[in-house]
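Spelled out, the chains give:
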Amino acid sequence: MEVVQKIYICSCWKIYNMKELLTRSLSGFLYVSILLVSIFISKYTFLGIFLIFGMISIYEFQKLIHLKNKRLYLIFIALLTLLTLYQDQIYIILPILILTIITELYLVKDLVTIRIIPMFEQRKYRTSIFYLITCIIFLTLVPNYSGEYQREIIAGAFLITWTNDTFAYLVGKNFGKHKLLERISPKKTIEGFVGGFLFSILAGYLIALLSNTLSITIWLIISIIMSIFGTLGDLIQSKFKRQAGVKDSGTIMPGHGGIYDRLDSVLFASPFLYAFLLILKYVS
């Protein structure tokens, strides 16, 4: 009888895992499809999708830091409109970009030096604006950095990020022995980070060969930016979730969590990517 019960429990667990994998796969496929289709149709569909994604991410982030303020949605729309219309005005873009990068570097400092990120009321607003909101906006500005909409640039950035996440997980799961930041994310390992980094470099190299857009050197630098800062963004979001006592930032994507869960890496890396592309534009 005991053997039968064990067999029954194992069978139920396998069915549950299969259903969980199927749900996660379908949900992920839908998300990737919507994102890539919006990128390749036009800059307006891309902006439209990220207007929606941005609203959802702000809602999810406010829940994590225990903040309720509808004005943040208006600030997001206003800044998105302003920076999209005046992207070629460096005196408007540069101060916001600098404030965003400074805010993110402070988050990195808090990630590695203290156990809990201090989120007093004023910092909640400052972080919401100059971390989450402006990161979303700079992500939407990336494909237009040169004045023309270059869909391959933003699609490539996403593909590199997904490659980094996938192979960091696979390498870490199979070969990981040394923890990266165990108190924040127990499953992340140094071996996983190195694996994700190397495969990101490979992805950037292949994109350079196939896309005929930027040079191989520039795509390799983009890969380094997306891998390193994407990993930091993932860890910072994990810290926010750990402080909030939740597994995911939301439930909109079955098996994956929230939109903010899916975008944390690429959002954190986007201001650094945009800064690099601006330097490239004005130096060349």
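Above this text sits the structure in question.
Every residue gets a number counted from 1 within its own chain, in the order that chain's sequence is written. Predicted model: local features are reported for residues with pLDDT of at least 70 only, side-chain atom pairs are reported and counted for 80 or more only, and whole-chain, interface and lining totals are derived from all residues. Hydrogen atoms and water are omitted, and side-chain values are computed over all heavy atoms in the structure.

Remarks on the packing of helix α3 (residues 71-85) against helix α4 (residues 90-113)
Angles run from 0 to 180 degrees between N-to-C directions of axes, and those axes are lines fitted to C-alpha atoms, restricted for helices to the stretch in contact. Put simply, DSSP marks the helices as runs of H or I at least four residues long and the strands as runs of E at least two long, and each gets a number from the N terminus on. In the contact formed by α3 and α4, the axes pass within 9 Å of each other and the chain directions differ by 135°. Viewed along their axes, α3 and α4 adopt a mutual orientation that is oblique. For the crossing formed where α3 meets α4, the hand is left-handed. Contacts between α3 and α4 involve Leu79, Leu82 and Leu83 from the former and Ile92, Ile93 and Ile96 from the latter. Residues belonging to the contact of α3 with α4 are distributed by class as follows: 6 nonpolar, no polar and no charged. Orientation is classified from the angle alone, with under 35 degrees giving roughly parallel, over 145 giving roughly antiparallel, 65 to 115 giving roughly perpendicular, and any other angle giving oblique. Should the near helix be turned counterclockwise from the far one by less than a right angle, the crossing is left-handed, whereas a clockwise turn marks it as right-handed. In what follows, a contact means two residues having at least one pair of non-hydrogen atoms within 4.5 Å. The residue classification treats Ala, Val, Leu, Ile, Met, Phe, Trp, Tyr, Cys and Pro as nonpolar and Asp, Glu, Lys and Arg as charged. All others, Gly included, are polar.

Some points on helix α7 (residues 190-211)
Here α7 is 22 residues long and its end C-alpha atoms lie 31 Å apart, about the 32 Å a rise of 1.5 Å per residue gives. Relative accessibility under 20% of the residue-type maximum defines a buried residue, over 50% an exposed one, and the middle range a partly exposed one, all with a 1.4 Å probe and only protein chains included. Buried residues of α7: Gly192, Gly195, Gly196, Ser200, Ala203, Gly204, Ile207 and Ala208, and no others. Once α7 finishes, Asn212 follows within two positions and takes phi at roughly 55°, a positive value. How far a helix is expected to stretch is found by multiplying one less than its residue total by 1.5 Å.

Observations concerning unusual backbone geometry
Residues other than glycine seldom take positive phi values, yet His66 does so here, at roughly 60°. Along the chain, the position of His66 falls in the loop between α2 (43-64) and α3. Unlike most non-glycine residues, Asn212 shows phi in positive territory, near 55°.

Structural notes on the packing of aromatic side chains
Side-chain rings of Phe, Tyr and Trp, where Trp is taken by its six-membered ring, are said to pair if the distance between their centres is within 6.5 Å; with planes under 30 degrees apart they count as stacked, over 60 as edge-to-face, and otherwise as tilted. Under the criterion given, the structure shown has 16 aromatic pairs. Centre to centre, the rings of Phe138 and Tyr274 are 5.4 Å apart; their planes meet at 35°, and the pair counts as tilted. With Phe138 in helix α5 (residues 121-141) and Tyr274 in helix α9 (residues 259-283), the pair connects residues that are 136 residues apart, well separated along the chain. Ring centres of Phe193 and Phe197 lie 6.3 Å apart, and the angle between their planes is 35°; this geometry places the pair in the tilted category. A residue pair is termed a helical-turn pair when its members lie 3 or 4 positions apart in one helix, as Phe193 and Phe197 do in helix α7 at 4 residues. A relative accessible area of 22% means that Phe197 is categorised as partly exposed. In this structure an aromatic cluster arises from ring pairing among Phe61, Tyr131, Phe229, Phe240, Tyr260, Phe268 and Phe272.

What about the layout of surface pockets?
Within this scheme a cavity is a closed region of a 1 Å grid, computed over the protein atoms alone, that accommodates a 1.4 Å probe without allowing it to escape, whereas a pocket is open but has protein on both sides within 12 Å along at least five of seven lines; lining residues each have an atom within 4 Å of a point. Grid points are joined across faces, edges and corners, and a volume is the space filled by probe spheres set on the points. Considering only enclosed or pocket space, the largest pocket measures out at about 1,900 Å³ in volume. In terms of lining residues, the largest pocket is bounded by 47 residues, among which Arg24, Tyr169, Lys188, Asp234 and Arg262 are the most central. When contributions to the lining of the largest pocket are tallied by element, the ones reaching two or more residues are α1 (2-41), α6 (151-175), α7, α8 (216-244) and α9. Residues of the lining of the largest pocket, tallied by class, amount to 14 nonpolar, 19 polar and 14 charged. Its boundaries defined by the atoms lining it, the second largest pocket holds a volume of some 230 Å³. Along its surface, the second largest pocket is lined by 14 residues, and Lys43, Thr84, Gln87, Asn144 and Gly147 are the ones closest to its centre. Elements with a minimum of two residues in the lining of the second largest pocket: α2 and α3. Per element, the largest residue contribution to the lining of the second largest pocket is 3 residues, and it comes from α2.

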